[in-house]
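Each chain, written out:
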Amino acid sequence: MADENKDFGKDFADDAKKAADDFKEEVKKTFDPNSPDNGKVVAIIAHLTIIGWVIALIMNSQNRTEFGSFYIRQTLGIWLLTFVLSIIPIVGCFAAVIGIVLIIMSLINAASYKMDPTVVVGEYFQDWFKSL
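Summary of the structure given here.

**Concerning unusual backbone geometry**
Now for step 1: One non-glycine residue, Thr 49, adopts positive backbone phi at about 60°.
Now for step 2: Turning to its location among the elements, Thr 49 is positioned in helix α3 (residues 49-62).
Now for step 3: With a phi close to 60°, Tyr 113 is a non-glycine residue in the positive phi region.
Now for step 4: Position of Tyr 113 among the secondary structure elements: in the loop between α5 (92-111) and α6 (122-128).
Now for step 5: A relative accessible area of 42% places Tyr 113 in the partly exposed class.

**Here we look at the packing of helix α4 (residues 66-87) against α5**
Now for step 1: Look at α4 against α5: their axes get within 8 Å of each other, and the N-to-C directions meet at 170°. Taken as axis vectors, α4 and α5 run roughly antiparallel relative to one another. Note on element contacts: α5 touches α4 through Gly 92, Ala 95, Ala 96, Ile 98, Gly 99, Leu 102, Ile 103, Ser 106, Asn 109 and Ala 110, opposite Phe 67, Tyr 71, Gln 74, Thr 75, Ile 78, Trp 79, Leu 81, Thr 82, Leu 85 and Ser 86.
Now for step 2: A class-by-class count of the residues in the contact of α4 with α5 yields 12 nonpolar, eight polar and no charged.

**Structural notes on the packing of aromatic side chains**
Now for step 1: Tallied over the entire structure, the rule returns seven aromatic pairs.
Now for step 2: Geometrically, the ring pair formed by Phe 125 and Phe 129 is tilted, given 6.4 Å between the ring centres and 35° between the ring planes.
Now for step 3: Using a relative accessible area of 16% as the deciding quantity, one classes Phe 129 as buried.
Now for step 4: Between Trp 128 and Phe 129, the aromatic rings sit 6.5 Å apart at their centres with planes inclined by 85°, giving edge-to-face as the arrangement.
Now for step 5: Cluster of aromatic residues (ring-pair linked, three or more members): Phe 67, Phe 70, Tyr 71 and Tyr 113.

**Structural notes on the nonpolar core**
Now for step 1: Counting residues in each nonpolar core, the largest one holds 12 residues, listed as Val 42, Ala 46, Trp 53, Ala 56, Met 59, Ile 72, Leu 76, Ile 78, Leu 102, Ile 103, Phe 125 and Phe 129.
Now for step 2: Membership of the second largest hydrophobic core comes to five residues, among which are Ala 43, Phe 70, Tyr 71 and Ala 110.

**Structural notes on α3**
In an α-helix there are 3.6 residues to a turn, and that puts residues three or four apart on one side.
Now for step 1: Its 14 residues give α3 an end-to-end C-alpha distance of 20 Å, which sits within 8% of 20 Å, the value for a rise of 1.5 Å per residue.
Now for step 2: Those residues of α3 lying buried are Gly 52, Trp 53, Ala 56, Met 59 and Asn 60. Down the axis of α3, the buried side of the element spans an arc of 125°, and every buried residue falls inside it. The outward face of α3, more than 90 degrees from its buried face, is lined by the exposed residues Ile 51, Ser 61 and Gln 62.
Now for step 3: A side-chain oxygen of the first residue of α3 lies 3.4 Å from the backbone nitrogen of Ile 51; this N-cap is Thr 49.

**What about the side chain of Thr 82?**
Now for step 1: By secondary structure assignment, the location of Thr 82 is in helix α4.
Now for step 2: Judged by relative accessible area, which is 17%, Thr 82 ranks as buried.
Now for step 3: Side-chain polar atoms of Thr 82 contact the backbone oxygen of Ile 78, separated by 2.8 Å.
Now for step 4: Contacts of Thr 82, omitting those with residues within four sequence positions, involve Ala 95, Ala 96 and Gly 99.

**What to know about the environment of Gln 126**
Now for step 1: Turning to its location among the elements, Gln 126 is positioned in helix α6.
Now for step 2: Judged by relative accessible area, Gln 126 falls into the buried class, the value being 13%.
Now for step 3: Considered as a pair, Gln 126 and Phe 70 are 56 residues apart in the sequence and their alpha carbons are 7.0 Å apart.
Now for step 4: Contact partners of Gln 126, with chain neighbours within four places excluded, come to Phe 70, Arg 73 and Gln 74.

The rules behind each value
Residues numbered from 1 in each chain as written. Predicted model: local features only at pLDDT ≥ 70, side-chain atom pairs only at ≥ 80, totals over all residues. Heavy atoms only, no water. Helix = DSSP H or I, 4+ residues; strand = E, 2+ residues; numbered from the N terminus. Buried < 20%, exposed > 50% of the residue type's maximum accessible area, 1.4 Å probe, protein only. Axes fitted to C-alpha atoms, helices over the stretch in contact; angles between N-to-C directions. Parallel < 35°, antiparallel > 145°, perpendicular 65-115°, else oblique. Contact = heavy atoms within 4.5 Å. Nonpolar A, V, L, I, M, F, W, Y, C, P; charged D, E, K, R; others polar. Phe/Tyr/Trp six-rings, centres within 6.5 Å; stacked < 30°, edge-to-face > 60°. Core = buried A, V, L, I, M, F, W, Y, C linked by side-chain atoms within 4.5 Å. Expected span 1.5 Å × (residues − 1). Arc of directions from axis to C-beta. Polar contact = N/O pair within 3.5 Å; in protein donor to acceptor, adjacent residues only side chain to side chain.

Shown next as structure tokens:
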């Protein structure tokens, strides 16, 4: 009985090591800095709440891509614009709707791998936040 448990433990450890090695290789492929989709992943994550934006900023700081940086700036601008508009008394009622529409439009462009700036204010966001 002790030999069976010993063999089972050895087999389990070997299987776990193989699974960990496979996972490590998959992670390397997914977050390869030379991958053309790396900037796309960062761009899409940036659109997922403020926490997603922070995660995208951290990911982009490790492997800076032009596409990822573009959408980090766009998304920051949209979040700030929505916040500022929400302070204005009458416009504030529609600020959330405006923000959601702009985020969805930007997310569609990011998923389509297009670097189209946000309507009217996108070029300003690129200029104002060029250090990101």
